[in-house]
Amino acid sequence: MTLGIFNTLTRKKDELHPKDGKTFGMYCCGPTVYGPAHIGNFRTFCAQDVLRRTLELTGIKVMHVRNITDVDDKTIRESRKLGQTLTEFTRRWEDKFHKDCDALNLLKPQVEPRATEHIKEQLDMIIKLVEKGYAYATADGSVYFKIAADLDYGKLSGLEVKNLETQTVNSAGDANNADEYARENVSDFALWKGRKPEDGDNFWKSPWGEGRPGWHIECSAMAQKYLGDSFDLHGGGIDLCFPHHENEIAQSESATGVSPCVRYWFHSAHLMVEGEKMSKSLGNLYTLDDLTAKGYSPNQIRFTLISGHYRQQLNFTFKGLEDAKSAIAKLEKSTLQTLQNLGISEAEFKTFIAPKANFENSVFEAAFAAMCDDLNVPKALGEIFSAFAKSKETPLTKADLEALGGLLYALGLKLFEREEKTEIEIPAEVTELAQKRLEAKQAKDYALADTLRKQAADLGWIITDTKTGFEIKKA
RNA sequence: GGCGUGGUAGCCAAGUGGUAAGGCAAGGCUCUGCAAAAGCUUUAUUCGUCGGUUCGAUUCCGACCCACGCCUCCA
């Protein structure tokens, strides 16, 4: 089965095929490393991860490139504030980003190029654009892309240049014509930024003097270097559709003359938090650490982030995280039951979680079909639960479990990941209460038994009955 | 102003021109001294509002209401 994905460029569902018939080239806009990434960022990275995993499950080899933006206004400003070099500062957040990605079970891209290590490639492209008349330098040593020279500009986002030009106020309410440099047109965007005092030591030499690259050019230059002039897929958050991706197309196609530079455009919707737009000012901008500190596991967070369709705005709530925990537990329970029926160990089952599976005549065929239909994760999850419900009449086979393993690979969900057991010391006092309660119960003195259980509860411990005795758990 | 998305049970969320997947929560039952856990089970005559097309619309069309996104560096 082939994977069909909604393509922003064609505005319809297109089947994904590698251009060269072998390896699918996929470029994703990575993080700007000036602080910890938030769950909104991770929603996008999770969606891209599910895309990659599903492609692999359909038998396609993927070359995944995701950049690190380690130079821009924010990284420069924050590093200088701390008196650190740009590299010192950005590496710290890059490392943090990678730790978070691992926790969320995001597959590592094969290549993770840094913007600062590809200045030459970016300059080469800018030079080419100037030579071809698509860009011009200004008096302050900056270089701008000339939108008027690109007749195709706007084809991805569907925005018309004339509307851009008449736009006087941007979404933040700021004047849009605040033209600090001598741009020919307010919509022209920076390819190279002339050095300013606030840049500190962060500058590179160019034919137009010292400065640093603009934001959009890094993705064009690095994607081209690692994937070629025309590659398969480019992904990012929906907000990047315009201007970032529109500008990338303008840069890449103008520089190379090759069109399309990208065949499929993959955009994921944003998330809301408790029904509100996520923003720093509302205090609802959560990082992974914020949530794990509250006791939510990364697996649970991942489940929540992918449980809504990627093109649908997701309302991220704490109730949703709780729901995810219960849903995962149910999935584990059903799976475990099947494993026991078939005499398969958890360890063996884990080897089934791999990008290979045969879904033909499997009860999980519908779930796989849902994944292949524009990554319909909510439907796929529904089909998985339905399959387990049906298994009461027709027990699942080993082949079914292998198919389930394939789906779990695509979703990137982990089962049977025991939370690392921190050995909790049960106070002797509590054990004694439990022992006394057991005796009281055996003597049918239930009033006393209940009192003792209550006492333990007051101390923060829960006593439950088992077949042979009792069990003590932390409340 | 331009472009776009969405409104489905208490919450989350699929879906289809032929009468509403799934998850969570809640209720009932079994088990249990009672709980917990576990198992079984029930829960939308209805899909924002009003019209239209149709034998039939939640699904198509129109209008309206509401929410949200993008319109220069925010995933």
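Residues numbered from 1 in each chain as written. Chains lettered and ligands numbered in written order. Predicted model: local features only at pLDDT ≥ 70, side-chain atom pairs only at ≥ 80, totals over all residues. Heavy atoms only, no water.

Q: Let's hear about the protein's contact with RNA strand B: which residues, and what values?
A: Looking at RNA strand B, there are 53 residues lining it, with Lys74, Ser187, Gly237, Leu240 and Asp323 nearest. Sugar plus phosphate: this is where 58% of the atoms of RNA strand B within 4 Å of the protein reside. Gly40 places a polar main-chain atom, nitrogen or oxygen, 2.7 Å from a base nitrogen of RNA strand B. Take Arg453: an N or O atom from its side chain is 2.7 Å from a base oxygen of RNA strand B. Sort the elements by how many residues they give to the surface near RNA strand B and helix α10 (residues 318–342) lands first, with six residues. Partitioned by chemical class, the residues of the surface near RNA strand B number 15 nonpolar, 22 polar and 16 charged. (Near = heavy atom within 4 Å. Polar contact = N/O pair within 3.5 Å; in protein donor to acceptor, adjacent residues only side chain to side chain. Helix = DSSP H or I, 4+ residues; strand = E, 2+ residues; numbered from the N terminus. Nonpolar A, V, L, I, M, F, W, Y, C, P; charged D, E, K, R; others polar.)

Q: How would you summarise the nonpolar core if you had to cite specific residues and measurements?
A: Core analysis: the largest hydrophobic core is formed by 73 residues, its most contacted members being Leu51 and Phe364. With nine residues, helix α1 (residues 39–57) is the single largest residue contributor to this core. Discounting chain neighbours no more than four positions away, the residues touching Leu51 are Leu3, Ile5, Leu16, Met26, Leu233, Phe266 and Leu375. Judged by nonpolar contacts, the second largest core, of 20 residues, contains Tyr27, Cys29, Ala115 and Cys241. (Core = buried A, V, L, I, M, F, W, Y, C linked by side-chain atoms within 4.5 Å. Buried < 20%, exposed > 50% of the residue type's maximum accessible area, 1.4 Å probe, protein only. Contact = heavy atoms within 4.5 Å.)

Q: Describe the environment of Lys473, naming the residues involved and giving the relevant values.
A: The topology assignment puts Lys473 in strand β15 (residues 470–474). A relative accessible area of 45% means that Lys473 is categorised as partly exposed. It is 9.9 Å that separates the C-alpha atoms of Lys473 and Ala457, two residues lying 16 residues apart in sequence. Residues in contact with Lys473, not counting those within four places in the same chain, are Gly460, Trp461 and Ile462.

Q: Account for helix α15 (residues 428–442), naming residues and giving values.
A: With 15 residues, α15 should reach 21 Å at 1.5 Å per residue; the first-to-last C-alpha distance of 21 Å fits that figure. Those residues of α15 lying buried are Val430, Leu433, Ala434, Arg437, Leu438 and Ala440. Around the axis of α15, the buried residues are gathered within 165° of arc, so they sit on the same side. The exposed residues of α15 that point more than 90 degrees off its buried face are Ala428 and Gln442. (Expected span 1.5 Å × (residues − 1). Arc of directions from axis to C-beta.)

Q: Describe the packing of α10 against helix α13 (residues 377–390), and please don't skip the residues or the numbers.
A: Helix packing for two helices is described by the angle between their axes and how far apart those axes are. In the contact formed by α10 and α13, the axes pass within 11 Å of each other and the chain directions differ by 40°. The angle between α10 and α13 places the two elements in the oblique class. Crossing angle aside, the handedness with which α10 passes α13 is left-handed. Contacts between α10 and α13 pair Ala327, Lys330, Leu331, Ser334, Thr335 and Thr338 from the former with Ile384, Phe385 and Phe388 from the latter. Residues that form the contact of α10 with α13 fall into these classes: five nonpolar, three polar and one charged. (Axes fitted to C-alpha atoms, helices over the stretch in contact; angles between N-to-C directions. Parallel < 35°, antiparallel > 145°, perpendicular 65-115°, else oblique. Left-handed = near helix turned anticlockwise from the far one by under 90°.)

Q: Please set out the pairing of strand β7 (residues 189–194) residue by residue, giving values where relevant.
A: Most of β7 sits out of view: five of its six residues are buried. Here strand β6 (residues 143–145) runs beside β7; their pairing, made up of three bridges, is antiparallel. From the neighbouring strand, Phe145 faces β7, where its bridge partner is Phe189. (Pairing = 2+ DSSP bridges.)

Q: So what about the sheet that holds β7? Which residues, and what values?
A: An order of β5-β6-β7-β8 is seen for the four strands of this open sheet, with the pairing classed as antiparallel. With partners counted over all chains shown, the strands left at the sheet margins are β5 (135–137) and β8 (211–213), one partner each. Sheet twist, expressed as the mean angle between neighbouring strand axes with direction ignored, is 20°.

Q: How would you sum up the sheet that holds strand β11 (residues 271–273)? Please name residues and give values.
A: If you walk across this open sheet you meet the three strands as β12-β11-β13, and the pairing is mixed. At either margin of the open sheet sits one strand with a lone partner, and together these are β12 (276–277) and β13 (314–316). For β11 and β13, the ladder comprises three bridges, and the chain directions are parallel. Within the sheet, the bridge partner assigned to Val273 lies in β13 and is Phe316. Packing against the sheet, α1 makes contact with β11 and β13, and its axis sits at approximately 145° to β11.

Q: Could you give me a rundown of the packing of aromatic side chains, with the residues and numbers involved?
A: Going through the model one piece at a time under the given rule, you end up with 14 aromatic pairs. Relative to Phe97, the ring of Phe42 lies with its centre 6.0 Å away and its plane at 10°, an arrangement referred to as stacked. Placement of the pair is Phe42 in helix α1 and Phe97 in helix α3 (residues 86–103), with a sequence separation of 55 residues. Overall, the relative accessible area of 1% leaves Phe42 in the buried class. Take Phe97: its relative accessible area is 3%, and that puts it in the buried class. Directly above the ring of Tyr409 sits Arg53, whose terminal nitrogen or CZ lies 4.9 Å from the centroid. In this arrangement the basic side chain of Arg195 is found over the ring face of Phe203, its NZ or CZ atom lying 3.8 Å from the centre. (Phe/Tyr/Trp six-rings, centres within 6.5 Å; stacked < 30°, edge-to-face > 60°. Lys NZ or Arg CZ within 6 Å of the ring centre and 35° of its normal.)

Q: So, the pattern of salt bridges: which residues are in play, and what are the values?
A: Under the defined criterion, the tally for this structure stands at 33 salt bridges. One salt bridge connects Glu94 with Arg114, and the closest N-O pair in it is separated by 2.9 Å. Remark: Arg114 occurs in the loop between α3 and α4 (119–131) and Glu94 occurs in helix α3; sequence separation between them is 20 residues. For Arg114, a relative accessible area of 18% translates into the label buried. (Salt bridge = Lys/Arg side-chain N within 4 Å of Asp/Glu carboxyl O.)

Q: Residue-level account of the state of the cysteines, with values.
A: Throughout the structure, instances matching the rule amount to zero disulfides. Cysteine Cys101 remains unbridged, with the sulfur of Cys46 as its closest cysteine sulfur at 8.5 Å. Exposure remark for Cys101: the relative accessible area of 3% places this residue in the buried category. With no disulfide partner, Cys372 has as its closest neighbouring cysteine sulfur the one in Cys28, 18 Å distant. (Disulfide = S-S within 2.5 Å.)

Q: Residue-level account of the environment of Gly257, with values.
A: Here Gly257 lies in the loop between α7 (241–256) and β10 (262–268). Between the C-alpha atoms of Gly257 and Asp229, which are 28 residues apart in sequence, the distance is 9.0 Å. Those residues in contact with Gly257 that sit more than four places away from it in its chain are Lys132 and Ser252.

Interpretation note: all reported values are geometric properties and have no functional meaning in isolation.
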